[in-house]
Structure formats: structure tokens, C-alpha cells
Amino acid sequence: MASKKPLLVVVGFLALFFLFGDVTALAQENAAAGGGEPPQVNVLWWLIKVSGWIGLFILILSIYFVAVAIQAFLQLKLSVAMPPESTQAVTELIEAGKTREVVEFLKEDDSMYGQSLLAGIADLKYGLDDAREKLDRKAEALSGDMERSISNLAVLGTLGPMIGLLGTLKGMITSFSAIAISGTSLDASKIAEGISEALVLTFEGVFLSVPAIFLFSFFRNRIAKIYSEVSITADDHLRAFAKQFFKNKPEGSA
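Nothing here was measured: the structure is a model prediction, and the numbers come from that model. (Residues numbered from 1 in each chain as written. Predicted model: local features only at pLDDT ≥ 70, side-chain atom pairs only at ≥ 80, totals over all residues. Heavy atoms only, no water.)

*Asks:* Just to check I follow, could you spell out the overall build of the protein chain for this structure?
*Replies:* On a plain count of helices and strands, the protein chain comes out with 9 helices and 2 strands. The helix and strand sequence of the protein chain, counted from the amino end, reads α-β-β-α-α-α-α-α-α-α-α. Taken across its 254 residues, the protein chain has 39% of its residues classed as buried. In the structure as shown, the protein chain presents an accessible area of about 14,700 Å², 64% of it carried by carbon and sulfur atoms. (Helix = DSSP H or I, 4+ residues; strand = E, 2+ residues; numbered from the N terminus. Buried < 20%, exposed > 50% of the residue type's maximum accessible area, 1.4 Å probe, protein only. Areas by Shrake-Rupley, 256 points an atom, 1.4 Å probe, with all protein chains shown as cover.)

Dropping the structure here:
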């Protein structure tokens, strides 16, 4: 999974780049003199220029956010946590009474379902109740790992408005400083520049925070559903395996 992160970061950057592609900027600082048509400029570059280093930091966080979100969409799926081919193969092996083959198959399956069921089978010698408890603890631990993988979304959702507020204060300080320095002859462009910086940074912070908070809640609910589905299916297969295990145990086939 770690080897995919650089690729996902690049994909995230490209997604943001094309989202803010070449369009006519709303700012008029580069408008042609004499009433000509305003030139085509890149909005992404304009936002970086207006918002300064704070905005650039928010942009980096946004690229990271897109990478984490894409990775979560790819990894946090029921078909990944519990591949249908794995459940089908285990079901067929259990029905055939091939307990040893089930264990060998699960050792090669690194999915949440495979690891949980294998953990339960490993404790089956202590009794079915202990095995089911071990299975549930393993599934819960793996779901906890999933939640930790999206925890940075919650951090970004909290951090975004704070960074935006910092930019707002910086922009307002710039504007009032321009008023204080100019005296009686106010420099409207300097004042507008500071206000623009404040509003843009506030927007960027909120723009990062809202989807981050939403996706964090969305993925937490998905993880809870995955945990429930995997636990139920693995528990059913564990009980079916236990019947074959205790039936074949006297014959030494387990």
C-alpha cells in the first residue's frame, strides 16, 4: 500500500490542477489597458500568488487530502476486506471437509476476512467460544487500523479553518497597515490586496475542511459496515469449520 502513495499524490495534484485550469481570472490586476479583453490566466497560480505562503501550505495539504481520499476509496471496500473469491473458496473447502486446506488457503489471504478467520481457527483448540472471541478481537483490531488510516482527514478538517483564520488575520493586518502608512492618501490597491488575501485564505481553509470532515464521517461509517459484514461472515465460517474440525479430530486429519 505504501508504494502507491507517491502515485496517489501525483494524481491528487493533477486533479487539483485540472480543476483550476486556465480560465479568466476574476482579479483585474492584470487587465489590459484601454478596455481590452482581460488575459487568460491560471486560477491556480493566481490563488497561490494572492494567498502567499499560507495558501501554498493549504494547497500542499489539499494535495495530500486528495491522495488520502483516493487511497481510502480504493482500499476501504467490502470487496477488498472480504474478497468474494476467498469466501467462496473457504465455503467449498469446509463443505468438502478439507480443514487443512482451509488453513493453508487462509495463510495466503491477507484480507481482513482471511486474517480474522485464521486467528479464530488458531484458537479453536481452546474451544469455540474462545475462538470466536479471538476472531472478533482480530477483526476489531484491523478495523482500528482502517480508522487510523483515515484519521488525518479529521486532522485536516480541524486544521483547515485554523490556517484560514491565520491567513485572515494576516490579510487584515496588511490592509490596516496600508491604511496607517498611507495617511491621508489611501492606496486602494494595497488595501484591496490585503482584504483579498484574507478572504481567499478563509475560503481555502473552509474549502479544505468541509470535504475532509464529510469524508472522514463517510469512511468511518463504511468501516463500521465492513467490520460488521466481515465479522458475521467469518464467524459463520468459523462455526462451520469447527464442526469439521471436531468431527475429524479423532481421526487425526485436523
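*Asks:* How do you make sense of the environment of Ile150 when you look at a structure like this?
*Replies:* Topologically, Ile150 is positioned in the loop between α7 (128-149) and α8 (151-182). Exposure remark for Ile150: the relative accessible area of 0% places this residue in the buried category. For the pair Ile150 and Ala212, spaced 62 residues apart in sequence, the C-alpha to C-alpha distance is 9.8 Å.

*Asks:* Got a minute to help me understand the packing of aromatic side chains in this structure?
*Replies:* Each pair of aromatic rings is reported with the distance of its centres and the angle of its planes. Per the counting criterion, the structure on display carries 5 aromatic pairs. With a centroid separation of 4.9 Å and an interplanar angle of 70°, the aromatic rings of Phe73 and Phe219 are classed as edge-to-face. Taken together, the positions of Phe73 in helix α2 (residues 43-75) and Phe219 in helix α9 (residues 188-248) put the pair 146 residues apart, joining distant regions of the chain. Exposure remark for Phe73: the relative accessible area of 39% places this residue in the partly exposed category. Since its relative accessible area comes to 0%, Phe219 is described here as buried. Ring plane angle 20° and centroid distance 6.3 Å describe the contact between Phe214 and Phe218, whose orientation is recorded as stacked. Here Phe214 pairs with Phe218, and both are found in helix α9, just 4 residues apart, close to one helical turn. On the accessibility criterion, Phe214 (55% relative accessible area) is exposed. Its relative accessible area of 32% is what places Phe218 among the partly exposed residues. Three or more aromatic residues joined by ring pairs make a cluster, and in this case those are Phe73, Phe214, Phe218 and Phe219. (Phe/Tyr/Trp six-rings, centres within 6.5 Å; stacked < 30°, edge-to-face > 60°.)

*Asks:* I tried to follow the confidence of the model for the protein chain on my own but got confused; where do I start?
*Replies:* The predicted coordinates of low-pLDDT regions are not to be read in fine detail. Scored by pLDDT, the protein chain comes out at a mean of 81, with 76% of its residues at no less than 70. Low pLDDT, under 50, characterises residues 19-35; the predicted model gives this stretch 23 contacts beyond four residues in sequence or across chains. (pLDDT = per-residue confidence, 0-100. Contact = heavy atoms within 4.5 Å.)

*Asks:* Is there a simple way to think about helix α4 (residues 84-95) in this case?
*Replies:* In an α-helix there are 3.6 residues to a turn, and that puts residues three or four apart on one side. With 12 residues, α4 should cover 16 Å at 1.5 Å per step; its first-to-last C-alpha distance of 17 Å lies within 8% of that length. Of the residues flanking the end of α4, it is Gly97, one or two places downstream, whose phi is positive at about 75°. (Expected span 1.5 Å × (residues − 1).)

*Asks:* Mind showing me how you'd approach the side chain of Ser209 here?
*Replies:* Topologically, Ser209 is positioned in helix α9. A polar contact is formed between the side chain of Ser209 and the backbone oxygen of Gly157, at a distance of 2.6 Å. If sequence neighbours within four positions are ignored, Ser209 has contacts with Leu156, Gly157 and Pro161. (Polar contact = N/O pair within 3.5 Å; in protein donor to acceptor, adjacent residues only side chain to side chain.)

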